[in-house]
Amino acid sequence: MMTEVEGWVARLPDQLAQLAGIDELLFAGVYAERTDYARISKSRVNQSGMVDQRDLSLTLIQGQRQTRMDITAAWPSMAELSQWVAQLRDDLRQVPEDPWLNPSQEARQARGGDYGSSVDFNAMVAALCEAGASQDLVGIVTGGPQYYAVCSSIGHRLEFLGGGSMVDLSSFDPDNNASKALLANPTPAQLHALPRQMHKQLQALQLPVQTLRPDAYRAWLAPEALAELWGVLSWQGFTVEMLRSGMSPLRLLYSGERQLHADVSLWEDRAGLGLPTFTHDGHPLPGAIPLIQNGKAHDGLADSRAAKEFGVAINGSGYAAALSMGPGTLPDGDVLEAIGTGLYLGHLWYANVSDPASCRVTAMTRYDCFWVEGGRIVGPVAPSRIDSSLFQLLGEDLLALGQDLHRLPERHTYGQRAWGGMRLPGALTRVQVTL
């Protein structure tokens, strides 16, 4: 399938050049994926299938006006392309000028990425079900190649190859307690060990439940819990538009009025986490952008429109989609001992920004969240809400960052299989429990 797509894209710049008028610029975005999936229940496959998706977007630009059309279908003929471009040309007369329209005017050709894991998908699912045969494993396994390209009538031909596999599983006991695991491109050894690790967490969840009083507690935020908090802050927190308008919850960090712990460094790492390093309108993007360095704000993110509006360089596609944080020195195996007495927070959910002005985030505990005493798990905590400022969590209250970085793939499938994700350590800090 991907060979067919790549062959079609190779001819596309010449076809677009024939269709565009002398004062027009015509862009095409091409996305394709072939995704195998298996839904698992009680450690058996209860549904499996394959998604063969092909999307094409056409954008016609004349001066400061543009119109766009999205098509999901087989690759069109030259006659169909010509018909659609004629429709765009008719629409173009009706749209107002866009002062921030900023497509690339410099033709480039580039090809990057790879199609990911060569592990046989069916063998991976079979190995996982066999290893978890005695457990109630529930979730989804996906895998397969993804392809994205941007071409233009002036000669752009930018291609990105991605994909790989992802395991998103929960393990339930008869009392409906659940542990959860998320893996990107797992190795056979990881698949074999995963059910055993989840079963160990389930045994800990069967200990007496501990109810917390509202207070501040020493706590370990596992990488998955930290990702939930970064997720709500990163949606628009790092964009130049939100920072310049004062609406970003990270405003005080970027104004220099606050800073995080000197051990905290954060990048938008598109190259390292498998995202295309070009925009939909043909601009190149850096492989990695430093957002926070040694606790201090560094770059914000600007797409082509924001770059033109605010007079900065183009370095993003609109929001942070590939956050990568530097490691610390605390090994994962020493976390319980380092907590001593306090909380182990494996996952959080329902995260939201509770006070943008002070960068406070709130979330509920979920799955593997435990009370720890003397470096040993005493029992799971009853559902609790935390509400803390990032400036405390990763600033003055930060005690240590984990030595091991965990790759957490993006899981959503809204419209298409997502790219990117995060690569994070855990953090030993203090959290405020409010109820």
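Residues numbered from 1 in each chain as written. Predicted model: local features only at pLDDT ≥ 70, side-chain atom pairs only at ≥ 80, totals over all residues. Heavy atoms only, no water.

A.B. asks: Sorry, what's going on with the packing of aromatic side chains here?
C.D. replies: In this description, an aromatic ring pair is defined by two values, namely the gap between the centres and the angle between the planes. Taken as a whole, this structure holds 10 aromatic pairs when the rule is applied. Here Tyr-148 and Phe-278 contribute two aromatic rings whose centre-to-centre distance is 5.6 Å and whose plane-to-plane angle is 5 degrees, an arrangement assigned as stacked. Of this pair, Tyr-148 sits in strand β5 (residues 136-152) while Phe-278 sits in the loop between β9 (266-269) and β10 (288-293), and the two are 130 residues apart along the sequence. For Tyr-148, a relative accessible area of 18% corresponds to the buried category. Ring geometry for Phe-160 against Trp-419: centres 5.4 Å apart, planes inclined by 65 degrees, an arrangement best described as edge-to-face. With a gap of 259 residues between them, Phe-160 in strand β6 (residues 157-172) and Trp-419 in the loop between β18 (406-409) and β19 (421-424) connect regions that are remote in the sequence. (Phe/Tyr/Trp six-rings, centres within 6.5 Å; stacked < 30°, edge-to-face > 60°. Helix = DSSP H or I, 4+ residues; strand = E, 2+ residues; numbered from the N terminus. Buried < 20%, exposed > 50% of the residue type's maximum accessible area, 1.4 Å probe, protein only.)

A.B. asks: Teacher, can you tell me more about the nonpolar core here?
C.D. replies: Where a protein is soluble and globular, its nonpolar side chains tend to be buried together. In this structure, Trp-230, Phe-238, Leu-343 and Leu-394 are the most contacted members of the largest nonpolar core, which totals 49 residues. Per-element tally for this core: the top contributor is helix α5 (residues 223-234), with 6 residues. The contacts of Trp-230, once residues within four sequence positions are left out, are Phe-238, Leu-266, Ile-292, Leu-323, Met-325, Leu-390, Leu-394, Met-422 and Leu-424. One finds Val-9, Leu-16, Val-85 and Cys-151 within the second-largest nonpolar core, a separate group that totals 27 residues. (Core = buried A, V, L, I, M, F, W, Y, C linked by side-chain atoms within 4.5 Å. Contact = heavy atoms within 4.5 Å.)

A.B. asks: I'm lost on the side chain of Thr-429 in this one. Help?
C.D. replies: Checked against the element boundaries, Thr-429 lands in strand β20 (residues 427-433). For Thr-429, a relative accessible area of 0% translates into the label buried. A polar atom in the side chain of Thr-429 sits 3.3 Å from the backbone oxygen of Asp-397. Once you skip the residues sitting within four places of it in the chain, Thr-429 turns out to touch Tyr-217, Arg-218, Ala-219, Leu-221, Gln-392, Leu-393, Asp-397, Leu-398 and Leu-399. (Polar contact = N/O pair within 3.5 Å; in protein donor to acceptor, adjacent residues only side chain to side chain.)

A.B. asks: Please clarify how the layout of surface pockets should be interpreted in this entry.
C.D. replies: The method is simple in principle: a probe with the dimensions of a water molecule rolls over the atoms, and the space it marks as empty is what remains. Quantified by volume, the second largest pocket comes out at close to 1,100 Å³. Counting only elements with at least two residues in the lining of the second largest pocket, the list comes to β7 (178-184), α4 (188-205), α5, α9 (335-339), β13 (342-355), β14 (360-373) and β18. Ranked by residues supplied to the lining of the second largest pocket, first place goes to α4 with 8 residues. For the lining of the second largest pocket, a count of residues per class yields 17 nonpolar, 8 polar and 6 charged. (1 Å grid on protein atoms, 1.4 Å probe; cavity = no way out; pocket = protein on both sides within 12 Å on 5 of 7 lines; lining within 4 Å. Points joined across faces, edges and corners; volume = space filled by probe spheres on them. Nonpolar A, V, L, I, M, F, W, Y, C, P; charged D, E, K, R; others polar.)

A.B. asks: For this particular structure, what's the right way to read the packing of helix α3 (residues 121-131) against α4?
C.D. replies: To characterise two packed helices, one gives the angle between the axes of the helices and the distance between these axes. Axis separation between α3 and α4 bottoms out at 8 Å; the angle between their running directions is 30 degrees. Between α3 and α4, the crossing angle belongs to the class labelled roughly parallel. The hand of the α3/α4 crossing is right-handed. Facing α3, whose interface residues are Met-124, Leu-128 and Ala-131, α4 presents Leu-191, His-192, Leu-194 and Pro-195. Split into classes, the residues belonging to the contact of α3 with α4 amount to 6 nonpolar, 1 polar and no charged. (Axes fitted to C-alpha atoms, helices over the stretch in contact; angles between N-to-C directions. Parallel < 35°, antiparallel > 145°, perpendicular 65-115°, else oblique. Left-handed = near helix turned anticlockwise from the far one by under 90°.)

A.B. asks: Please clarify how helix α1 (residues 2-19) should be interpreted in this entry.
C.D. replies: Side chains three or four residues apart in an α-helix point the same way, a direct result of the helix having 3.6 residues per turn. The end-to-end C-alpha distance of α1 is 25 Å, a good match for the 26 Å that 18 residues give at a rise of 1.5 Å each. Considering bend angle alone, the principal kink of α1 is centred on Leu-12 and spans about 40 degrees; proline Pro-13 follows within four residues of it. For α1, the complete set of buried residues consists of Met-2, Val-5, Glu-6, Trp-8, Val-9, Leu-12, Pro-13, Gln-15, Leu-16 and Leu-19. Along its buried surface, α1 packs onto β1 (25-41), β2 (44-62), α2 (78-92), β4 (109-113), β5 and β6. (Expected span 1.5 Å × (residues − 1). Bend = angle between axes of the 7 residues up to and from the residue.)

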